[in-house]
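Notes for the structure review
For reference, the chains in residue letters:
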Amino acid sequence: MTLDLELRTVGKVYDNGTPAVIDFDLAVTKGEFIAFLGPSGCGKTTTLRMIAGFESISSGDVLIRGARVNDLPPERRPTSMIFQNYALFPHMNVRRNIGYGLEVKGLPKAERDAKVDRIIATLGLDDVADKRPDRLSGGQRQRIALARGLVVEPDILLLDEPLGALDANLRKAIQNELKLLQKTLGITFVFVTHAQSEALSLSDRIVVMNQGRIEQISPPHALYTRPNTPFVAQFIGRNTILDGEVRGLANGAAVVETPLGVLSGAANGPVREGGRAQVVVPAEAIEVHAAVPGARESVAAKTGGNVVAGRIRRADVVGHVSHLSVDLPGGRAVALEAHVDKYPPGAFRPGGDILLAWTPAEATVIPAA
Amino acid sequence: MHSTVIKPILAVYTGLFLLFLYGPLLVLAILSFQTGPEGGPQFPIIEWSTYWYQHLFGLTPPSRIAPLPIEESLVRSLVLAVATMIVSTVLGVSAAQAFRTRFRGSGVVFYLIVLGMMVPGVLVGLGMALVANTLGIDRHWWGTAFVLHVVYTFPFAFLVMLAIFNRFDQSMEEAAWSLGVSPARTFRKVTFPLIFPGVLSAMLFAFTLSYDEFSRTLFASGRDLTLPLAIYGTFSVEIHPNVFAFGVLTTLFSFALLGVYAVLMTLSVRRAKRVAIQEDA
């Protein structure tokens, strides 16, 4: 199988000695949609810029279709970069902007025009093709930038927070277009974002980064449901994280003693008996039960003992969604939401005692940091 | 509340500023219409006339007042200003481009460049004269003086371009590179058109500073005088309103220059605005 992009223990150290990226390893097959996700300053953009050639590579190798590109300048790499601020050339009209890469490559005019026309049609830019980019909307400009980057037929399209400057509705629309475009063209996309919803809905695999290091590389669903590290557990999704000590390990399930009781979940990573661990419970996995006498035992029997008591602090209904804010013993709060049918208004009152329960398979146990 | 106090103060301040800026010029302009050849450079105006303008162009009957010896010096000053403008702007743009990436010793180099506009002109001029004498180099307006003009105006061009590059969005260049455009071509086709308003400003600075440079040129230019030196030379004998007439014409020339600059500027600012909108969105 040929890899479109390979990063081998790539590192970046700035001139002042600060490491920005540490031992980045990644192999991307052709046509994959990869997202680099992480908080600002985690090194995701630096990594992207090393692939593009805008940043020098301090250590390791970057390979594109098997060829080492470390020493190639950006204009000789088979990559195209899409920027958050679009970076369109304001002194050229839309058509010239899009065709500029081909123009410079010296393609005959007829061939060039045909390619430009095709991409203009694909992205629905016919109406604005002869306008200057300055008066166009953000969405149109980002489409122009995409067209300009794609028309040169790069092996890899690099996108640096391309939706960051768009408003929420437009972002959603362009997101869908982007996904469709990528599937149709079959080009490898590497997409940098700090918005997890973007990464989760667009990509085939997500690389979560923190402080220059990769925390986890997983497909979206696995990332969401099975975090590998404490950072991922608190960065992705809405998880309740409970610290404790591992009391038992069997068939991939771990039993952990926590201040809220003995809880169990699927072990992920090097969990060992007697070691410190965290139980990660997604908000979506939690079921709410009324705290009537005897309920705790009957619920515990169904959920492998995964029951904790809580007290309702707030209950709101917004449209079709009920929000519950529940205080756990020890001062921790859990936010839950569900369709209004599930948590009907009036059924839960602030100050009321309830039980929270989840099945062991939906919880994940990871080694503590 | 504040504006009732501050606004009148600001208005007075602005009025005074304009008065001191244009007052001297206005007095000169009025006196240049003094009658000649008997009228002198003082009030009252005996009779309004354009005598001194005609005198300037040698259209008056010969009199005891010699025509201004400016013809050759004007040409020299213009040639010198244009040459200085070209060299300083090229140097300024290149140096500012170099400063876009921090390099070792960039701080020192920065102050070395800026020093050229800080040091007292008379001293530099004198120093240049001494150096030229020591090395046996003849002093000429196109040689020693030209070098000093460049040293003097280059920092201005450099600072203007530094400010321009400071606001320049580098992702535009990176976008071009990633499309396969070489850095040299990117500079010509993407960067330069976008920094052009700044280049115009740098050119204007260099030209005007060189055109009326006096102190450095005084010692460094040798035998052939530039315009400011030639005009100053006439002062030492006796002042006639023909100097004022010439002053008015030069000022009009400067305004014309500003006019050209304004037109070119509007054209490119219109373009720059588009960039700004693009960035804001």
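Residues numbered from 1 in each chain as written. Chains lettered and ligands numbered in written order. Predicted model: local features only at pLDDT ≥ 70, side-chain atom pairs only at ≥ 80, totals over all residues.

1. Observations regarding the overall build of chain A
Summing up its helical and strand segments, chain A has 9 helices and 20 strands in all. With the C-alpha coordinates of chain A rotated into their principal frame, the extents come out at 80 × 45 × 40 Å. A separation threshold of at least 6 residues defines the contact pool for chain A, and within that pool the share at least 24 residues apart is 66%. (Helix = DSSP H or I, 4+ residues; strand = E, 2+ residues; numbered from the N terminus. Contact = placed C-beta atoms within 7 Å.)

2. Focus on the interface of chain B and chain A
If you look at the interface, chain B gives 22 residues, while chain A gives 26 residues. Grouping the constituent residues of the side of chain B that touches chain A by class yields 11 nonpolar, 5 polar and 6 charged. (Nonpolar A, V, L, I, M, F, W, Y, C, P; charged D, E, K, R; others polar.)

3. With respect to the sheet that holds strand β13 (residues 261-267) of chain A
Residues and elements named next belong to chain A. Strands sit in the order β11-β12-β13-β20-β14 around a closed barrel of 5 strands; the barrel is mixed. The mean angle between the axes of side-by-side strands here comes to 55°, regardless of whether they run parallel or antiparallel. The sheet contact formed by strand β11 (residues 239-250) and strand β12 (residues 253-258) spans 5 bridges and is antiparallel. The residue bridging G248 from the neighbouring strand is V255, located in β12. (Pairing = 2+ DSSP bridges. Axes fitted to C-alpha atoms, helices over the stretch in contact; angles between N-to-C directions.)

4. Things to note about the domain arrangement of chain B
As far as domains go, chain B holds domain 1 (1-67 + 241-258) and domain 2 (71-239). With centres defined by C-alpha atoms, the gap from domain 1 of chain B to domain 2 of chain B works out at 30 Å. (Domains from an automatic or database assignment.)

5. A look at the domain arrangement of chain A
Entries for chain A in the domain assignment read domain 1 (3-225) and domain 2 (238-367). Taking only C-alpha atoms, the centre of domain 1 of chain A and the centre of domain 2 of chain A are 40 Å apart.

6. Section: the confidence of the model for chain B
Residue and element names in this part refer to chain B. Looking at chain B as a whole, its pLDDT mean stands at 86, while 95% of the residues score no less than 70. Scored below 50 in pLDDT, residues 276-281 makes 10 contacts in the model with residues more than four places away or belonging to other chains. Scored as a complex, the prediction yields pTM 0.82 and ipTM 0.84. (pLDDT = per-residue confidence, 0-100.)

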